[in-house]
Amino acid sequence: MTVHATPTPATRPRTSSPAPAPSRERRSIGDLARRSETGALIGTVGVFIFFAIFGGTQFLSVGGTASWLNVAAELGIIAIPVSLLMIAGELDLSVGSVLAASSMTLAIVSGYWGGPLILGILCALAVGVGTGLINGLVVSRTKVPSFVVTLASNFALVGLTLGLSRVITGTTSVNIAPDTLTKNIFGQLIAGQFEVAIVWFIVVAAIVAWILQMTKYGNWIFAIGGDSESARATGIPVARTKIGLFMASGFGAAFVGVIQTILYNGAQVSNGQSFVFNSIIAVVIGGVLLTGGYGSVVGVILGTLTFAIVNQGIYYTGWNSDWASLILGILLLAAVLMNNTFRKLALSSGAKAISKLKG
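Quick caveat: nothing in here was measured; it's all calculated off a predicted structure. (Residues numbered from 1 in each chain as written. Predicted model: local features only at pLDDT ≥ 70, side-chain atom pairs only at ≥ 80, totals over all residues. Heavy atoms only, no water.)

Some points on the overall build of the chain
And then number 1: When helices and strands are tallied, the chain shows 14 helices and four strands.
And then number 2: Per-residue burial over the chain gives 46% buried out of 359 residues.
And then number 3: Sequence-distant contacts, at least 24 apart, represent 78% of the contacts inside the chain between residues at least 6 apart.
And then number 4: Split by element, the accessible area of the chain, about 17,800 Å² in all, is 67% carbon and sulfur. (Helix = DSSP H or I, 4+ residues; strand = E, 2+ residues; numbered from the N terminus. Buried < 20%, exposed > 50% of the residue type's maximum accessible area, 1.4 Å probe, protein only. Contact = heavy atoms within 4.5 Å. Areas by Shrake-Rupley, 256 points an atom, 1.4 Å probe, with all protein chains shown as cover.)

Take a look at the structure:
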């Protein structure tokens, strides 16, 4: 790192020199190129321009914007907690079944049984937090990979939800009639098109970004993902932190289940399974490494927006929607390659700075 001394009035040259400004500009561009979110930003801007051209005015309309923002909001509320787990080196494949189980819990308690809505919501959130607690305890105590544990809990919870729903209600779909206040908080359509989930998405992103960047827990998460044994040796409560992250992931999925149930005035057993891999795709596009120890909330937000734009934008082009999966597959591979490139730039820049300081 080169330090430039600022000249005093006695030594400052009389003729103005434009050199410092370009130097600062070059440094700022270089710093931007080495940030982990840069690849995700390029991807988001690129797909937006692509669909703005081929989707035309319909994609750029208020309705078109609402369509992908609504998808991004629901996906993002799940993807952000999932990203924290991935930064810590773990995976959660149970979010889809948690969403469905939470939705059906709310619909049965407050719809089929007629209980208070607040009770149904609390029971739904408890399902998510409880599932996360079980996942975290099993992973921490048995050392079985979280991929296997959460995949097993995903299938188990799907069967449990389906079986109990048929036993209790005799069907797999239950209606609910939320009151006005609950509808406004969880299921309102702002301006008739934008889900209130967008507001919740912003709130969740702000809280998690603050935790990740401004608190010791954020440092713990990165340290655990980088090397859990070293983190444990320095006194970080690795097991307790991971359990908390699994519970947060379950809470996020359950919260989206509550939002969907209130928004659509009912729940179905089949809801939520698309979120399992969609959340991971969005997180990876956002620059989070599957191996852990690297990522940011800003990158995940951009990855979520990119996924939502592609997911909805294909319908405005007039092309066959079957091509959406192909585009997502290509985008995922391109995002991983691009993010790896920017990550290497960031790491090489840090290594050079350290070597200069030592020298």
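That covers the picture; the talk isn't over yet.
What to know about the packing of aromatic side chains
And then number 1: As enumerated under the stated definition, the model contains 11 aromatic pairs in all.
And then number 2: Each ring, one from Phe-59 and one from Tyr-316, has its centre 6.1 Å from the other, and the planes form 70°; the classification is edge-to-face. Placement of the pair is Phe-59 in helix H2 (residues 38-60) and Tyr-316 in the loop between helix H13 (297-313) and helix H14 (323-358), with a sequence separation of 257 residues.
And then number 3: A relative accessible area of 1% means that Phe-59 is categorised as buried.
And then number 4: For Tyr-316, a relative accessible area of 22% corresponds to the partly exposed category.
And then number 5: Joined through ring pairs, the aromatic side chains of Phe-48, Phe-50, Phe-51, Phe-54, Phe-59, Trp-68 and Tyr-316 make up one cluster. (Phe/Tyr/Trp six-rings, centres within 6.5 Å; stacked < 30°, edge-to-face > 60°.)

Looking at the side chain of Thr-182
And then number 1: Mapping Thr-182 onto the fold places it in helix H7 (residues 180-186).
And then number 2: On the basis of relative accessible area, Thr-182 is assigned to the buried category, the value being 10%.
And then number 3: Those residues in contact with Thr-182 that sit more than four places away from it in its chain are Leu-117, Ile-121, Gly-187 and Ile-262.

Thoughts on the packing of helix H3 (residues 62-87) against helix H11 (residues 238-264)
And then number 1: H11 packs onto H3 with a crossing angle of 175° between their chain directions and a minimal axis gap of 8 Å. Between H3 and H11, the angle falls in the class roughly antiparallel.
And then number 2: Its residues assigned to classes, the contact of H3 with H11 comprises 15 nonpolar, three polar and two charged. (Axes fitted to C-alpha atoms, helices over the stretch in contact; angles between N-to-C directions. Parallel < 35°, antiparallel > 145°, perpendicular 65-115°, else oblique. Nonpolar A, V, L, I, M, F, W, Y, C, P; charged D, E, K, R; others polar.)

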